[in-house]
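Summary of structural features
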Amino acid sequence: MLENLGLEGKVVLITGGGTGLGLAMVRALARAGADLIIAGRRPGPIESAAEEVKGLGRDALAVPTDVTDSEQVGRLVSTTLDRFGRIDVMINNAGAVQENVRKPLWDVTDQEWSLVMDVNLTGAFYCARAVSRTMADRGNGKIINVASGFGLRGGRDIYMYCCSKGGMIQLTRVLGFNLARYGIIAN
C-alpha cells in the first residue's frame, strides 16, 4: 500500500516547513520519496529541515520567504522552477502562530487582525496564484491548504485564527471548483 502512496520523483513546495506541523510534513514527504522546497520566514529552521531531507537521500532547497509579500512568493516559485523544472504539489502551511493569542474582541488591534489574515489567508492565495499557471500548463498539480476545524466553528477569543481558517476553507473550495478543469486538485 505504501508503494501506491509513494512520492518518488515528485516536487513538493511547502510553506512554513521549518517547525511544527510543517516540519513533520517535510519529514514524512521526504520519507515518501519527494524532493522538497521548504519556505519560511526564518532561514535557520528551514535550512535545518533541508539538511535533514538531504540526509534522507532526497533533494531539498530552503528558500526564505514571507508569504505576505507577493514578490517574494513569485521569487519562491521561480527559484523552484529553475531548480526542479516543475511543482507537483503546493502545500500552504505557513501560519501566524505566536500572533494568535486569545483576547477579547475589543483588544484585537488592526495590526494583529491584518497580520494573521495576511499570513494565514492572503499568503495561501499568493502561493496558489503563483503556482497555478505552471500547473495548468502541465495539465496537473495539487494545491493543499492547511486549515482547521476552527474554520468551521467559533472558538473562544480567537477571532483572527477562526476567520482566517474559515477563509482558507472557502479559498480551497473556490480553487477546487475553478482549477479542476486544468487538471489541478485543491484540498
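Structure: see above.
Let me begin by describing the structure that accompanies this report.

Here is what the cut-offs are and how they apply
- Residues numbered from 1 in each chain as written.
- Predicted model: local features only at pLDDT ≥ 70, side-chain atom pairs only at ≥ 80, totals over all residues.
- Heavy atoms only, no water.
- Buried < 20%, exposed > 50% of the residue type's maximum accessible area, 1.4 Å probe, protein only.
- Helix = DSSP H or I, 4+ residues; strand = E, 2+ residues; numbered from the N terminus.
- Pairing = 2+ DSSP bridges.
- Axes fitted to C-alpha atoms, helices over the stretch in contact; angles between N-to-C directions.
- Parallel < 35°, antiparallel > 145°, perpendicular 65-115°, else oblique.
- Left-handed = near helix turned anticlockwise from the far one by under 90°.
- Contact = heavy atoms within 4.5 Å.
- Nonpolar A, V, L, I, M, F, W, Y, C, P; charged D, E, K, R; others polar.
- 1 Å grid on protein atoms, 1.4 Å probe; cavity = no way out; pocket = protein on both sides within 12 Å on 5 of 7 lines; lining within 4 Å.
- Points joined across faces, edges and corners; volume = space filled by probe spheres on them.
- Phe/Tyr/Trp six-rings, centres within 6.5 Å; stacked < 30°, edge-to-face > 60°.
- Core = buried A, V, L, I, M, F, W, Y, C linked by side-chain atoms within 4.5 Å.

1. Topic: the pairing of strand β4 (residues 89-92)
Burial along β4 is two-sided: the residues V89 and I91 and M90 and N92 are all buried. Of the strand pairs in this sheet, strand β1 (residues 11-15) and β4 are connected by three bridges, and their pairing is parallel. Bridge pairing in β4 places V12 opposite V89. As defined by bridge partners, β4 adjoins strand β5 (residues 141-145) across four bridges and the pair is classed as parallel. Residue pairing in the sheet places N92 in a bridge with N145 of β5.

2. Things to note about the packing of helix α4 (residues 110-138) against helix α5 (residues 159-179)
Two quantities define a packed helix pair, namely the angle between the helix axes and the distance between the axes. Packing of α4 against α5 leaves a shortest axis separation of 8 Å and a crossing angle of 15°. Judged on the interaxial angle alone, α5 and α4 are roughly parallel. In terms of crossing hand, the pair formed by α4 and α5 is right-handed. Contacts between α4 and α5 involve E112, W113, V116, M117, N120, L121, A124, F125, A128 and S132 on the former and, on the latter, Y159, M160, Y161, C163, S164, K165, G167, M168, L171, L175 and L179. Of the residues in the contact of α4 with α5, the class split is 15 nonpolar, four polar and two charged.

3. Remarks on the layout of surface pockets
Here the largest pocket defines a volume of roughly 570 Å³. G16, T19, A94, G95 and V97 are the residues nearest the centre of the largest pocket, which is lined by 29 residues in total. Mapped onto the lining of the largest pocket, the elements with two or more residues apiece are α1 (20-31), β2 (35-40), α2 (43-55), α4 and α5. Examining the composition of the lining of the largest pocket, we find that three residues originate from one element, α1, more than from any other. Of the residues contributing to the lining of the largest pocket, the split by class is 12 nonpolar, 14 polar and three charged. Of the volumes computed, that of the second largest pocket is approximately 200 Å³.

4. Quick notes on the packing of aromatic side chains
With the rule as written, the count across this model stands at two aromatic pairs. Ring centres of F125 and Y126 lie 6.2 Å apart, and the angle between their planes is 55°; on these two criteria the pair is classed as tilted. Taken together, a centroid distance of 6.3 Å and an interplanar angle of 75° make the contact between F150 and Y161 edge-to-face. In this pair, F150 sits in the loop between β5 and α5 while Y161 sits in helix α5, placing the two residues 11 residues apart along the sequence. On the basis of relative accessible area, F150 is assigned to the partly exposed category, the value being 25%.

5. Some remarks on the nonpolar core
Residues L13, I37, M90, V131, M135, I143 and L175 are the most contacted members of the largest nonpolar core, which totals 29 residues. If you list the elements that add at least two residues to this core, you get β1, β2, β3 (60-64), α3 (70-84), α4, α5 and β6 (184-186). If you tally residues by element for this core, the top one is α4, at eight residues. In this view, L175 contacts A128, I143, N145, A180 and A186; residues no more than four positions away in its chain are not counted.

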